[in-house]
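Here's the letter readout for the chains.
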Amino acid sequence: MELHIRLQGRKGLADQLYQQLRASIDSGHLAAGTQLPPTRLLAEQLGVSRKTVAEAYSRLTYDNLLSGVVGRGTFVTPQRPLQAIQAQAIPLAAAASVARWQQRATVLSQSALQTPSRYDFVGGASSKAQFPFDQWRSCLQYALRRSQRHTQRQFDAQGLPELREAIAHHIAFARGVHCSAADVMVCNGAQQALDLIARVLIEPGCQVAMEDPGYPPARQLFLALGAHLQSVPVDDEGLCVEQIADGTRLIYVTPSHQFPLGMPMSERRRTALLARAAELGALIIEDDYDCEFRYQGPGSDALQRLDRHGLVAYVGTFSKTLLSELRLGYAVLPASVLRAACVAKHLTDWHSPSVQQWALARFISEGHLNKHIRRCHEVYSARRERILARLSSDLAPWLTAVPANAGFHLSALASPEVDVDLLVSLARKVEVGLYSLAPFYSEAPVRPGLLLGFGAIELLDIDTALDRVRDTLQGLS
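Here goes a summary of the coordinates provided. (Residues numbered from 1 in each chain as written. Predicted model: local features only at pLDDT ≥ 70, side-chain atom pairs only at ≥ 80, totals over all residues. Heavy atoms only, no water.)

Sizing a probe to match a water molecule and rolling it over the atoms shows the empty space that remains. Approximately 200 Å³ is the volume attributed to the second largest pocket. Lining the second largest pocket are His-170, Phe-173, Ala-174, Glu-292, Phe-293, Arg-294, Asn-370, Ile-373, Arg-374 and His-377. Contributions of two or more residues to the lining of the second largest pocket are made by helix 7 (161-175) and helix 13 (368-391). A total of four residues in the lining of the second largest pocket trace back to one element, the largest contributor, which is helix 13. Residue composition of the lining of the second largest pocket, by class: four nonpolar, three polar and three charged. (1 Å grid on protein atoms, 1.4 Å probe; cavity = no way out; pocket = protein on both sides within 12 Å on 5 of 7 lines; lining within 4 Å. Points joined across faces, edges and corners; volume = space filled by probe spheres on them. Helix = DSSP H or I, 4+ residues; strand = E, 2+ residues; numbered from the N terminus. Nonpolar A, V, L, I, M, F, W, Y, C, P; charged D, E, K, R; others polar.)

Here is the structure:
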């Protein structure tokens, strides 16, 4: 370890060294528990005698700032609390901009940081118990071997060709997306895809439309970039297209599994949405976040498949399908924005991690992804059916399920006499994690209810959890 010590002249060297080390410890630059260099090594680095360093160390040890451990060395005493330097901060010229970012709400991240309840209906969380860790480990080992042999230092911001090819084949089969590898951009999760698309389209004051209720991180991102955001209400058919304002340049939707309510957008509305976007020259972001899991009927293909004018940017993620920790997603972009988005990604992070890209390409090409989806579909379907059965029986007086055929969460609307916030609070006291729909609304009147995720709760726990919810509701009646 090399310390930043500057000794002046040749007098009082031990005292200078003592004062500088003490200042570093008091300010926290030398954290509690940090090991200092041996006296001989530090003396050589500073060009002083070993006796000078030993004297400084001895004084610091006497002040209880250092302690020696036999056979290991000299350490900053961990018991001493840090004394941070109280500098007088000068206000930044950009303080208003910093304040605007600080005020952006992060609803989903705040709920995710809560201590999970024993029985948790959190939305957007997949089941780690179903993830094929052994197969993923094998794919990572392959990727590391490939990285070891690879001589290229930089990679294309758009993503590795083999992963883009694998993604294109997968979403064409699973979601009917019309694309090739050349249209795919690999991102660090769907959120980065949203950010990159918005970054190249949004200018301060421009008009952006999105669903209300809708996905809070998208809403906050658009606002942070300076957009004038129109919150467009939804009904049983999805986004109320006729209410999209003139001058809109970007439209964000979740047509296959409306977030958070869950109903799919009707074919009539899809056609109307594409027509309205063509009239405005607006780009549509289609966030298809969890629609590889469909339960009843053939289901509808992605909105992108109906696009004939290059107006739909299709966004997907593996954070929901596989593991949130992977932070890998993708966007299928029309030619009009693809190059600009790739430039934005290059300027943001150059490219997504190549080792994980190689591993995921291998994972998909060897069939592990499709096997995992089939396995999870069976598990999630059973959990979904159990929740729906309870909502239609003993929970029916208080909660009504919103029709939904995809994903791994569903929503339940509450009857007027239910105080949803109180229910959520009381349920947490009996170890059940419930989540209100209210935070997902912006301007539209809130329809009181619950978002019930079933990706993270085990089937055998559902009845126990819902028994406690029912008992809580009976106590509130």
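Buried residues dominate strand 11 (residues 312-317), accounting for six of its six residues. Where strand 10 (residues 283-287) meets strand 11, four bridges bridge the pair, whose relative direction is parallel. Each bridged residue has a counterpart across the sheet, and for Ile-285 the counterpart in strand 11 is Ala-313. Relative to strand 12 (residues 329-332), strand 11 is paired through four bridges, and the arrangement is antiparallel. Of the residues in strand 12, the one forming a bridge with Thr-317 is Gly-329. (Buried < 20%, exposed > 50% of the residue type's maximum accessible area, 1.4 Å probe, protein only. Pairing = 2+ DSSP bridges.)

A separate point is the pattern of salt bridges. Applying the stated criterion across every chain, the model contains 28 salt bridges. Arg-269 is paired through a salt bridge with Asp-235; the nearest N and O atoms lie 2.7 Å apart. On the criterion of sequence distance, the pair formed by Arg-269 in helix 10 (residues 267-280) and Asp-235 in strand 7 (residues 228-235) is long-range, its members being 34 residues apart. With a shortest N-O distance of 3.4 Å, Asp-467 and Arg-470 are connected by a salt bridge. Of this pair, Asp-467 and Arg-470 are both found in helix 15 (residues 459-476), three residues apart, which corresponds to roughly one turn of the helix. When its relative accessible area of 28% is taken as the criterion, Asp-467 is described as partly exposed. Judged by relative accessible area, which is 21%, Arg-470 ranks as partly exposed. Ionic contacts of the salt-bridge type, sharing partners, join the residues Arg-386, Arg-390, Asp-394, Asp-463, Asp-467, Arg-470 and Asp-471 into one network. (Salt bridge = Lys/Arg side-chain N within 4 Å of Asp/Glu carboxyl O.)

Looking now at the state of the cysteines. Applying the stated criterion across every chain yields a total of zero disulfides. Distance from the sulfur of Cys-139, which forms no disulfide, to the nearest cysteine sulfur (Cys-376) is 16 Å. This cysteine, Cys-179, is not joined by any disulfide, and Cys-187 carries the nearest cysteine sulfur, 13 Å off. (Disulfide = S-S within 2.5 Å.)

Within a sheet, adjacent strands bond to each other through the backbone by hydrogen bonds, running parallel or antiparallel. One open sheet holds the four strands; their spatial order is 13-14-17-16, and the pairing between them is antiparallel. One side of each edge strand has no neighbouring strand; the edge strands of this open sheet are strand 13 (399-401) and strand 16 (435-436). Both strand 14 (residues 409-414) and strand 17 (residues 449-453) contribute to a ladder of five bridges, which runs antiparallel. Across the sheet, residue Leu-410 finds its bridge partner in strand 17, namely Leu-452.

Let's shift gears to the packing of aromatic side chains. One pass over the structure, following the stated rule, counts 16 aromatic pairs. Here the aromatic rings of Phe-259 and Tyr-289 are separated by 5.6 Å at their centres, their planes lie at 90 degrees, and the arrangement is edge-to-face. Taken together, the positions of Phe-259 in the loop between strand 9 (248-253) and helix 10 and Tyr-289 in the loop between strand 10 and strand 11 put the pair 30 residues apart, joining distant regions of the chain. Tyr-289 shares its class with Phe-259; the two are buried. Within the aromatic cluster, the residues linked to one another by ring pairs are Phe-293, Tyr-295, Tyr-380, Phe-408 and Phe-454. In this structure, Arg-59 is placed above the aromatic ring of Tyr-18, and the distance from its NZ or CZ to the ring centre is 3.9 Å. The ring of Tyr-142 carries the charged tip of Arg-362 above its face, separated from the ring centre by 4.1 Å. (Phe/Tyr/Trp six-rings, centres within 6.5 Å; stacked < 30°, edge-to-face > 60°. Lys NZ or Arg CZ within 6 Å of the ring centre and 35° of its normal.)

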